[in-house]
Amino acid sequence: MEIIISIGAKISEYAVKPIARQLGYLFYYQRNVENLRTQVQHLKDAKDRLHHSIDEAKENAEEIETDVVNWLSRVDRMISEHTENFLTNEGQANMKCLSGNFPNLVSRHWMSRKAKKMALDVASEIQAAGGFHKVSYLPTITTVFEVKGYMAFRSRMSTLNRIMEALRDPDVDKIGVYGMGGVGKTMLCKEVAKQVKEQTLFAKAVMVTVSQTPSLESIQQEFAEKLGLKLEEKSIRWRADRLRYKLRKEKSLLVILDDIWEKLELEDIGISFGDDNEGYKILLTSRSQEVLYNDMGVELNFLVGVLSESEATNLFDKIVGDTVRKLSIQPLASEIVKECAGLPIAIATVANALRNKSHQVWKNALQELSISTPTNIKGMHEKVYSGIKLSYDSLRSEEAKSLLLLCSWFHEDANIEIEHLLKQATGWGLFQGITKLEEARNKVVTLVEDLKACCLLLDGDYDGCAKMHDVIRDVTLSIGSNDRHMYNLRNVAELEECFSSRKLEDSIAVSLPEIDHIYQLPEKLEFPKVQLFCLSSTSKPFGFNTYFLSYEKYGKGLKIPNHFFEEMKELRVLELISIRLRPLPSSIFSIQNLQTLCLQFCDIGEVGMIGELKNLKILDLRGSSIEELPKQIGQLTQLRMLDLKDCYKLKVVQPNIISSLTRLEELNMENSFRNWHVNGNEGKIRNASLLELKDLHRLTTLYLRIPNAALLPKECFGEKLERYSIVIGDVDVVLSDSRSSKQLYLKINRRDIFNDHGLEMLLKKSEVLYLSGSSGFNNVVYELDAEGFPQLKHLQLEWIVGIQYIINSVEKIHACSAFVSLDILRLRGLESLEKICHGKLTENCFGKLRVIEVYNCDKLKNLFSFSIAIGLLHLEKIEVDRCETMEEVIYEREDDSQSISNETFQKIPFPKLKTLKLCSLRNLIQYYSQVETNCRNQRKDEQLIADFARPFFHEKVTFPKLKNLTLKEVGFLKEIWHGQSEGLPTSVFSGLASLKLSRLPDLMHLWDENYHTDTAFLNLMALEVSRCDRLKNLAPSWISFQNLIFLVVLNCHGMVNLFTSSTAKSMSQLRIMNISGCRSMNEIIANEGSETGGEIVFNELVELEVCGLPSLTSFYSGNLVMKFPKLKRVRIGLCPEMRSFSHGFVSTPQLDKLTLRYTQLENVVFDSDDDVELPDGFNTALDFDELIISDDEVDNDNRIQHESIEGDINTTLRHLWEKDQIGLVLQQLFTE
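So, a few notes on the structure that sits alongside this text. A quick note: this is a predicted structure, and the numbers were derived from the prediction, not measured. (Residues numbered from 1 in each chain as written. Predicted model: local features only at pLDDT ≥ 70, side-chain atom pairs only at ≥ 80, totals over all residues. Heavy atoms only, no water.)

**With respect to the overall build of the protein**
Let me state the cut-off plainly: Only DSSP runs of H or I reaching four residues or more are called helices, and only runs of E reaching two or more are called strands; each is numbered from the N terminus. Between two residues, a contact is recorded if the distance between any of their heavy atoms is within 4.5 Å. Surface accessibility in these figures is a Shrake-Rupley result with a 1.4 Å probe; residues are shielded only by whichever protein chains are displayed.
When helices and strands are counted, the protein shows 30 helices and 55 strands. The long-range share in the protein, meaning contacts at least 24 apart out of those at least 6 apart in sequence, stands at 73%. For the protein, the accessible surface area stands at approximately 55,800 Å², while carbon and sulfur atoms represent 47% of it.

Right under this line is the structure:
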């Protein structure tokens, strides 16, 4: 029975319950549908609530979580596509069946079942909506570096590229960018950030501004926000730890900290270096290089300089727009751009202020810029003036501020001499606690370097000088007058205006730098507080360096009244420059507080009254017309410096004057007095003797020229001399190297001159040494200084008889140590010189050598041995010229006493060599040779032939930085690179920028035609080939000259064509092309025959000259289209077979005239001995503008110009050939 009941229960479970459930769909139809309606409404409510949170998140720029977005999408589809459609169609479930008395049960069952299932799905989504704890998140801010207004200036491109290269270097983690305020550092760094992301160099780039008054908390906050990090911590330390943890997780991040003014502890922010920073690098910007290098420890720093003139003009014109095209505006625009002096922010602010303004507004702007009132120009105060003022205020010492103010007194673009600043600053008493001039000079140099590091001063054009940016000068002048009562007045009118307003009563310094001689100065100046006064004639602007000029014309009509200085009782520094002072105003001698008196380039007579100025410490008569130094000058017992440089008329220096100046520390008689008294001569003594120098026990600086060594007394030069330039004998060469403070120039007439006259001490101390004349010694080092000249930096030996070796240590037991500091070595006309080095040397010999130049040393067979060459790691330039017997530059022999095994040194690297010039070396075989001794002693003709077949450069020698290469008349050179590519790295010459090959009649190849490489001539910008008759063309078809700008080929009679069309297509940067005197050349661009379609475009070519090519039939005989969009000047001559330019279409839209040469061929010489040597930093075609000659500058005596027909050179040439009326001119032109 129990079994039956159990079976019945199972039957009920498997049969009755499903039936009941199906029946339930019919009975509970209405309830299921209503439940669905309710659940759908709840879902809509949940969706609305979620949307409120989403809208709020979007208002806060937050990103919506992905699961929330997916839920909304799913719910929208559920509501619209399913639920609402179902409920709309629910009415059909009530349809009647059969006779209409009963509802449709099948439809009701399906609808009820569907409603229940859908209600469950809706309920599930409602439950999911309740599970969203947050609907959004704060995204990581990916900074979009849209550099608005950025222009890719050529002057910026090299800096940008070097920064990008540094960022790729795995060994560099910190990089600095510095430059003056407003020069564009921030803009450049934004461009860097943009490019690193575009090039996927870094996944992220974050830029944070530090500012002058940095807040660590603010920096951390901005940093964190841009990294998507929320900082909850209040403590700066804990926030730094949080940031540091975040940075460890970053795999590829560039951090840019902009505008750093002083030392900033990166650790305090949360930026660490070491193992923790493998995923990120940091770029810092500052106005001060010192801050980056010293305070922030950044060793790799890049200067952002001002724009070039053309770049400044382009920027200005772009901003101003069409206004600048007006003829009345153009000259004003040019002057305004000059006033802005290449400073981008100044250019931008001024240009924006002048856009669409009238002519009067432009004139006013120029006037205000020229009178140093930039605050009156719209936008200038906020963006330029205040920025520079801020830099000035941030200087760390009053000394630096005062020195900068003194610099602003020099005229625009002046080279400000350190020595001039020294005289002003010392006399003014700028340096408290410093009593010696050498200490003061060191202080001035230090301050100038600091100001350069802050970009308030610039490097000068010469050593020992600085320059000041015009905008910086304008602002500094304004600061001086407004804040320091230091006035720079342009003319007497301004002086009188200041007088009437009593503006100058409190002045402490006044400068009148450009007073015209037609002005009449007031009788007296009442400046009771003035300490520094400068007056200069316009004939020679203040601060202008002039030599060998006729001082008589300076200030001839400008006279200083006798009582002019009476009311300047506090005056400490008086400078009168280019003024006629005959006689000296008597009021000068009443200024008993005067410390510095400068009468540079003045026309003066009697100066005896200067002896009344008992407190005078510095007397500067440089370049004046003084003829006699009277005995009264000996009364200046406080005098520390006497400058008589360039006083060419000075013939008399009274005896005992110099010896009376016992406090004298510096005496400068360079290019001045030479009539020294000869000791022992009888008769009246009219001049000073060199013996007087012995009484100057404090003398540390001496500049002197002595006509003959016989005038020298024994031991006349004291050991205290720290700065000197002493010329003894008839020496014409003076090496301009102001970086070296100890210079000796000597014409030798006998060997014992150094012992007899006490010159041995000077010889050992000298940093610059020039020797010439007959000598009587053959070993420079051991016979002149056995210690090896440890301090010598610059050595020049000329036309000395007898010298066999510069160093000969063969007979010495120990290796010789010599020239360990030598920077430059020049040897000329040493006819007996056999070797520079002979014997054992220590490793540091010549270790700092940067330049070596050797000329006319006919017995010299090589420069250095292998063992010395491997230590020349700083060598930048090698030049060898006219050394008849030279066979190689570097040699390695079996008998070399320092031969190094190949296992130890595989290569000779010249890592810094930039310039290599080898000229007129008829016996030169190779750059490097390795020959056994017996081969040298027994070399036969066969050996010579074998040598000549070798390539010139050897795989053992590398030049990774070589930029300029000149080979002229070098031996029997057949190949430079050909046939050696496997041994010679392809990158060795890839950086070459200038290549000149001349008078190489056996040269057959420039590069191995069978060895393809993408790096050959990759960066070549200037190529000149002349008198290389065996060359068939310049290069193989696969060579690319993509950066070539300047191309000259002369007198290469073996050339049939210049290059293929494939190579021509690569020459998009070429600007100048000159092909002349090549007798066999029948076309410039070779027709490869298989060419179909395409074009050859010389995008940048401006000037083309083709002359003296008697076999030339056309420039190009192929069918490719040729385009010359910028071609302006074409010169063709002595090409009798040239009847058309090209067989295809030629476009020359800017060509106006065609210049034809008709001189007879035999009267024309095509040659060039000028080197095109590219300096550092040269990377722009703009620098070649100076090489382009306008038609107006050409001698047209043998040329005739023809109008271009429709700008088409091809049509023009054909037209000239077809027209009979061209007559005699064309007959002469095209007749051989």
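**Examining helix 17 (residues 418–428)**
We apply this condition: Burial classification: accessible surface area is computed with a 1.4 Å probe over protein chains only, and a residue below 20% of its type maximum counts as buried, one above 50% as exposed, and the rest as partly exposed.
Among the 11 residues of helix 17, 9 are classified as buried, and the element is accordingly described as predominantly covered. Within the sequence span of helix 17, burial applies to I418, H420, L421, L422, K423, Q424, A425, G427 and W428. Where helix 17 ends, the next residue or the one after it, G429, has phi of about 75°, a positive value.

**With respect to helix 12 (residues 330–340)**
Our working rule: To be clear, the arc concerns the directions from the helix axis to the C-beta atoms.
What helix 12 keeps buried is the set L332, A333, I336, V337, E339 and C340. Projected onto a plane normal to the axis of helix 12, the buried residues spread over an arc of 155° and lie on a single side.

**Section: the packing of aromatic side chains**
Counted only if it meets this: In summary, the pairing rule links any two rings of Phe, Tyr or Trp, Trp by its six-membered ring, whose centres are within 6.5 Å, and it sorts them by plane angle into stacked for under 30 degrees, edge-to-face for over 60 and tilted for everything else.
Tallying each qualifying case throughout the model produces 18 aromatic pairs. Relative to F1124, the ring of F1115 lies with its centre 6.3 Å away and its plane at 75°, an arrangement referred to as edge-to-face. Neither F1115 nor F1124 differs from the other in exposure class; each is buried. Centroid distance F1124 to F1141: 5.8 Å. Interplanar angle 75°. Geometry classified as edge-to-face. Note that F1124 is positioned in the loop between strand 51 (1121–1123) and strand 52 (1129–1133) and F1141 in the loop between strand 52 and strand 53 (1146–1147), a separation of 17 residues in sequence. For F1124, a relative accessible area of 0% corresponds to the buried category. Members of the aromatic cluster, joined through ring pairs, are F527, F533, F564 and F565.

**So, the nonpolar core**
Stated formally: The term nonpolar core refers to a set of buried residues drawn from Ala, Val, Leu, Ile, Met, Phe, Trp, Tyr and Cys, joined through side-chain atoms within 4.5 Å.
If you look at the biggest cluster of nonpolar residues, it comprises 203 residues, and the most contacted ones within it are F533, I610, F717, F846 and Y927. In contact with F717, not counting residues within four places along its chain, are L693, L702, L704, I706, L712, I726, L759, M761 and L762. Counting 121 residues, the second-largest nonpolar core is a separate cluster that includes V172, A193, V475 and V573.

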